[in-house]
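Structural overview for review
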Amino acid sequence: IFPGMRHLLPVLPLLLLPCMAEEESVSDMPIGIEVVTGYRSEYIHRGFKLAADFIDVQAEAEIALSNEWVLSLGGYYGTATGDGDFSESAAFLDLKYDTKQWTAGLAVTWRDYQDSFFKDGFDLNPSFTWHLTEDWDLEAGLAYDTGDGGWYGNLEAAWSHPTGKDSFVSACAGTSFTEDYYGSSGWHDVYARLSWTYAFNQHVAVTPFAGTSIPMESGPESNRLFAGVWFEVNF
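Sequence order as written defines the numbering, with residues in each chain counted from 1. Reporting in this predicted model follows two pLDDT cut-offs: at least 70 for local features of residues, and 80 or more for side-chain atom pairs to be given and counted; totals over whole chains, interfaces and linings ignore these cut-offs and use all residues. Each side-chain value is worked out from all heavy atoms of the structure, with water and hydrogens disregarded.

Let's talk about the confidence of the model for the protein
Caution applies to low-pLDDT parts of the model: their predicted coordinates are not meant to be read in detail. Our working rule: Scored from 0 to 100, pLDDT reflects the predictor's confidence in each residue. Contacts are assigned to residue pairs that have any heavy atoms within 4.5 Å of one another.
Confidence in the prediction for the protein averages 88 pLDDT; 87% of positions are at 70 or higher. Contacts of residues 1-17 to residues separated by more than four positions or lying in other chains number 83 contacts, the stretch itself having pLDDT below 50. Here residues 20-28 is a poorly scored stretch, pLDDT under 50, and it has 33 contacts once near neighbours within four places are set aside; other chains count.

Structure (C-alpha cells):
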C-alpha cells in the first residue's frame, strides 16, 4: 500500500512486491475486503527470479480492531504463463499497530511452491515503519523463512504524491541483507519500483508499474528489470 492511497481509496494492494507503506486510517473503515489481480513480466521475490510472464490474484480482508490495531488476513495464488510449471499459493495473517508517526507489524505467511527451488514453509516477518511526512515513509523489516531456515532483512524508503484528484505516483527504493537465505549471505540486492495508480471510482483502480533488482556481493542473480499492471477492486 502506498502513502498517497489515503487520498483516493479506502484500501488498495497490500502484497505483491517490496516497497510497502501505510494503511488507510482505521477509523475511516472498520472492515474492508479487497481483490487484486495482475501481470508481471518477471516475478522477482526478494532479489530472486522465480518465474517469467506471471499472473497472480490475492483476496484480503482488513479489520480495524481499534483505532490503532489492524488485522489483515487473506490468500494468494500465482502461476507462470510461459515456460515451466511454477506456481505459488499462500495464506497470510498480518497484525499492525498503526499511529500517525509510526506503524509496527508482524506478518505470518504460509507459502506452498510448485516447480521451484524455494521451499514450502512459514515466513515470519516483523517490521517497523516511520511516517516521516504525508508522502514519505522509512521501513525496516526482518523475515525468517522456515522452509529454507534463512534470514532476510531490508531497509527501504517509499514516496508518493497525488497527480490529480483520482491518481497518484509512487516510488520506492531499498536494499536487503541475508543470512543463509537460499544460498545468499551478506549484502543481497538493491531494488526500486515506480508506479502510477488511477482510481476509476471509490472501488476500482489500476496500477501500472516498473521495477528493478540489482544483486550485490552475495546476490546469486543477475540484474533484473520487470514491469506489469495490477487491477484492484475493494468493497
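Examining the pairing of strand 1 (residues 31-45)
Rules: Any two strands with at least two DSSP-identified bridges between them are counted as paired. Starting at the N terminus, helices and strands are each numbered in turn, a helix being any DSSP run of H or I of at least four residues and a strand any DSSP run of E of at least two.
Across 14 bridges, strand 1 lies against strand 2 (residues 48-64) in antiparallel orientation. Bridged to Ile31 within strand 2 is Ile63. Joining the antiparallel neighbours strand 1 and strand 2 is a turn of two residues, in which Arg46 adopts a positive phi near 55°. Here strand 1 pairs with strand 12 (residues 224-234) via seven bridges, running antiparallel. Bridge assignment links Tyr39 to a residue of strand 12, and that residue is Val229.

Focus: the pattern of salt bridges
For clarity, the cut-off: Criterion for a salt bridge: a side-chain nitrogen of Lys or Arg within 4 Å of a carboxyl oxygen of Asp or Glu. Buried residues are those whose accessible area, probed at 1.4 Å on protein chains only, stays under 20% of the maximum for their type, while exposed residues exceed 50% and partly exposed ones sit between those limits.
Tallied over the full model, the rule gives seven salt bridges. Here Arg111 and Glu88 are joined by a salt bridge, their closest N and O atoms 3.1 Å apart. One end of the pair, Arg111, is in strand 5 (residues 102-114); the other, Glu88, is in strand 4 (residues 87-98), with 23 residues separating them in the sequence. As far as the burial class goes, Arg111 and Glu88 line up, both buried. Close ionic contact of Asp123 with Arg111 constitutes a salt bridge, the shortest N to O distance being 3.9 Å. In this pair, Asp123 is assigned in strand 6 (residues 121-131) and Arg111 in strand 5, connecting sequence segments 12 residues apart. Residue Asp123 is classed as buried on the basis of its relative accessible area of 4%. Overall, Arg111 belongs to the buried group, its relative accessible area being 10%. Salt bridges here are not isolated pairs; linked through shared partners, they connect Arg46, Glu88, Arg111 and Asp123.

Focus: the sheet that holds strand 8 (residues 150-164)
The test is simple: Geometry is summarised by axes, namely lines fitted to C-alpha atoms with helices restricted to the contacting stretch, and by angles between N-to-C directions that run from 0 to 180 degrees.
Taken together, 12 strands build a closed barrel; the order of strands is 1-2-3-4-5-6-7-8-9-10-11-12 and the barrel is antiparallel. Direction aside, neighbouring strands of the sheet carry axes that sit 20° apart on average. Inspection of the sheet shows strand 11 (residues 204-215) paired to strand 12 by 10 bridges, in the antiparallel sense. The residue of strand 12 that forms the bridge with Ala205 is Glu232.

Some points on unusual backbone geometry
Its identity as a non-glycine residue notwithstanding, Asp180 has a phi of 55°, on the positive side. Counting through the fold element by element, Asp180 comes out in strand 9 (residues 167-181). Judged by its relative accessible area of 47%, Asp180 is partly exposed. Phi at Tyr182 is positive, roughly 50°, even though this residue is not glycine. If you trace the backbone, Tyr182 turns up in the loop between strand 9 and strand 10 (184-199).

Things to note about the environment of Asp166
For Asp166, the position within the fold is in the loop between strand 8 and strand 9. When the C-alpha positions of Asp166 and Gln202 are compared, they lie 9.2 Å apart, and in sequence the two are 36 residues distant.

Overview of a nonpolar patch on the surface
Put simply, the rule is: To count toward a patch, a residue needs a relative accessible area above 30% and no salt bridge. Like charges then connect within 9 Å, nonpolar side chains (Val, Leu, Ile, Met, Phe, Trp, Tyr) within 5 Å. For the area figures, the Shrake-Rupley method with a 1.4 Å probe applies, and any residue is considered shielded solely by the protein chains shown.
On the surface, Ile33, Val35, Val57, Tyr77, Val233 and Phe235 cluster together to form a nonpolar patch covering roughly 500 Å² of accessible area. Position of Val233 relative to the elements: it lies in strand 12.

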